[in-house]
Amino acid sequence: MYNYEVIEKAYQVYTQKLQKEPKLIELENKAVATMDSIKQKIAELPLEDENCNIGFVHDYLFGEGPDAFAAPMAIPLPGIEDNLTSIVRTVGGQKRLRNLFSLVHKERTDNTLRQIKRNSLQYYVHKSPNRFSPRPRLYSSRFELMLFNDLFTTIAYFPALIQKAQSVGIQTSGRRFEDIQYELRSCTDRYLKDNNLSHTLTDFQKSALGWYIEEAS
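Here's a quick rundown of the structure. Since this is a predicted model, take the numbers as computed values, not measurements. (Residues numbered from 1 in each chain as written. Predicted model: local features only at pLDDT ≥ 70, side-chain atom pairs only at ≥ 80, totals over all residues. Heavy atoms only, no water.)

1. What to know about the overall build of the protein
Okay, step 1: Across its full length, the protein holds twelve helices and zero strands.
Okay, step 2: For the protein, the α and β elements follow one another from N to C terminus as α-α-α-α-α-α-α-α-α-α-α-α.
Okay, step 3: Against the 2.2 N^0.38 benchmark of 17 Å for 217 residues, the protein shows a C-alpha radius of gyration of 17 Å, consistent with a compact globule.
Okay, step 4: Once the C-alpha set of the protein is aligned to its principal axes, its extents read approximately 50 × 35 × 35 Å.
Okay, step 5: A separation of at least 24 residues holds for 71% of the contacts in the protein among residues at least 6 apart in sequence.
Okay, step 6: Of the roughly 11200 Å² of accessible surface on the protein, a fraction of 48% belongs to carbon and sulfur atoms.
Okay, step 7: Distance between charge centroids for the protein: 5 Å, based on 28 positive and 27 negative side chains. (Helix = DSSP H or I, 4+ residues; strand = E, 2+ residues; numbered from the N terminus. Rg over C-alpha atoms; globule rule 2.2 N^0.38 Å. Contact = heavy atoms within 4.5 Å. Areas by Shrake-Rupley, 256 points an atom, 1.4 Å probe, with all protein chains shown as cover. Lys, Arg positive; Asp, Glu negative; His and termini not counted. Charge placed at Lys NZ, Arg CZ, Asp CG, Glu CD.)

2. Here we look at unusual backbone geometry
Okay, step 1: The backbone of Asn 196 sits at a positive phi, close to 55°, despite the residue not being glycine.
Okay, step 2: Inspection of the secondary structure assignment puts Asn 196 in the loop between α10 (177-194) and α11 (203-208).

3. Some details on the packing of helix α2 (residues 22-43) against helix α8 (residues 137-147)
Okay, step 1: Here α2 crosses α8 at 75°, and the two axes come no closer than 9 Å. It follows from the interaxial angle that α2 and α8 lie roughly perpendicular. The residues of α8 that touch α2, namely those facing Thr 34, Met 35, Ile 38, Lys 39 and Ile 42, are Phe 143, Met 146 and Leu 147.
Okay, step 2: Residue composition of the contact of α2 with α8, by class: six nonpolar, one polar and one charged. (Axes fitted to C-alpha atoms, helices over the stretch in contact; angles between N-to-C directions. Parallel < 35°, antiparallel > 145°, perpendicular 65-115°, else oblique. Nonpolar A, V, L, I, M, F, W, Y, C, P; charged D, E, K, R; others polar.)

Have a look at this one:
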């Protein structure tokens, strides 16, 4: 059984912050502009061509736009940008990106989550041989979340996601990042819908609501 009281408190904390901290709206606008830019570039790609140029991805792995969506938990370690870029440029990384891109503008179905997991960029990065030098999983997770912001939260740091999900009563042991993401987002969306509050938050704010669970608990 889910703990919706924790989500209710998170909603109260977040909406109060939105009223008192104009910077949150500035960050939201920058994050939304970044996501729109990514999706526009994807829409223009000839994804059926295995050699299509997707080098633009680098611009959305690091920088002010992605940081506005989900700020890193700490200053990036030296070498992390080169490490992630090299992983993404592998044949496997490029294939997964093309497959994920093909899902971005498709209608959501019961199979969408399964397809995202099958082509998960953050899981591929996590399992890459040089993932520990240094580990760039948070940045690949963040990129994946920006692609599917309607299905997931903005919580890119896996330990934080686990902690917040557990506060709601979600089983996390042995589960994939995307499964926990989807269930937590479903819980926050259900709370908003059941309490006739969906209209009070923007699409981005709905995805960000889960981040405030820790502050409320």
